[in-house]
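Take a look at the letters that make up each chain.
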Amino acid sequence: MKKTFYSNGKLFIAGEYLVLDGADAFALPTKFGQDLVIEELENNQIEWKSYDQDKHLWFEETISFDEVVKSTDPQIDTVKSTLINILHAAYALNPKFIESAKGYKVSTHLSFPKNWGLGTSSTLINNIAQWTETNAFTLLKNSFGGSGYDIACAQNNTPVLYRIKDNFVKQVEFNPDFKEHIYFVYLNKKQNSKSAIFSYNNHKNSHLADRVAENNKITSAILHAKTLNEFASAVQKHEIHLSKVLEMQTIKEAVFPDFNGVIKSLGAWGGDFVMVVSKENPKEYFTKKGYSTILTYSEMIL
């Protein structure tokens, strides 16, 4: 019998980095995501195939049940070892999916290019959690790490406000009249979340409580903005605030200083997608700069 599980991708709109220290995070699930298809086999192993959005096979491996039970050396960092460690973490939470099975044929299918940074890992972890009947937030914590906001997006079809304490998730309204002036531009540069978090932990200082409080105030202003100008102003404040926390230039200062509008990093600074707030369609500007992947709000957001 075939079972299919699906999870949404994500974009981190406000609260990045500081979410790790209790700040409010505002995130949007995307129209893009990943599914996981499970079929039963009889050979005490998992035959795994992963396909990208072009139906191109990018990963194929056979994993024995024994490998899932024993896990792998944490020093080894390959796609296979990462997958085994996620499956082992699921096994530790609920051994039944291995102990009561005879084998699996598994396939995953992305609906976005895997280098886009929309949640290749988080959608996989949430799908594995659904399949193995485990808690996705716990599975993330025990395997990959991170704040968990991406799991909140994977599980919800609405904008979410997320807090790391007790994995608090609140569905929120965000459907502004001005959303046709919000765009998402891919920077063709994959950022490593783990290294970005390491850098953040090295830069945060004793003013953390004040910075979390300021983040929450700005995040609320972004979420509740009634006009394009209010929204753009709050987004810009967020960039400046985090620029001080990280001791880094904003993406606009560093790469797009001549752009007439607001640009905000989403998630790990310096890579993946940025959000662009602009009265005029910015496609020509970014195309001339060599950035050809530009999506409107309605093309990107669920």
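Small disclaimer: the values here were computed from a predicted structure and weren't measured.

Each value, and the rule that gives it
Residues numbered from 1 in each chain as written. Predicted model: local features only at pLDDT ≥ 70, side-chain atom pairs only at ≥ 80, totals over all residues. Heavy atoms only, no water. Pairing = 2+ DSSP bridges. Helix = DSSP H or I, 4+ residues; strand = E, 2+ residues; numbered from the N terminus. Axes fitted to C-alpha atoms, helices over the stretch in contact; angles between N-to-C directions. Contact = heavy atoms within 4.5 Å. Phe/Tyr/Trp six-rings, centres within 6.5 Å; stacked < 30°, edge-to-face > 60°. Buried < 20%, exposed > 50% of the residue type's maximum accessible area, 1.4 Å probe, protein only.

### Concerning the sheet that holds strand E10 (residues 273–277)
Sheet architecture is open: four strands sit in the order E9-E10-E8-E11, paired in antiparallel fashion. Every other strand in the sheet has two partners, leaving strand E9 (262–265) and strand E11 (294–296) as the edge strands with one partner each. Taken over all neighbouring pairs, the strand axes of this sheet differ in orientation by 25 degrees on average, direction set aside. The pairing of E9 with E10 spans four bridges and is classified as antiparallel. By the bridge assignment, Lys264 is partnered in E10 with Met275. On the sheet, helix H9 (residues 228–246) packs against strand E8 (182–186), E9 and E10 and is oriented at approximately 45 degrees with respect to E9.

### Description of the packing of aromatic side chains
Counted by the stated rule, this structure contains 22 aromatic pairs. With 6.3 Å between their ring centres and 45 degrees between their planes, Trp116 and Tyr186 make a pair best called tilted. You can see Trp116 sitting in the loop between strand E5 (104–110) and helix H4 (120–132) and its partner Tyr186 sitting in strand E8, a full 70 residues away along the chain. The two residues Trp116 and Tyr186 agree in class, both being buried. Seen from their ring centres, Phe184 and Tyr297 are 6.2 Å apart, and the 35 degrees between their planes marks the pair as tilted. Separated by 113 residues along the polypeptide, Phe184 in strand E8 and Tyr297 in helix H12 (residues 297–300) bring together distant segments of the chain. Given a relative accessible area of 0%, Phe184 falls into the buried group. The structure contains a cluster of three or more aromatic residues connected by ring pairs, namely Phe26, Phe174, Phe178, Phe184, Phe231 and Tyr297.

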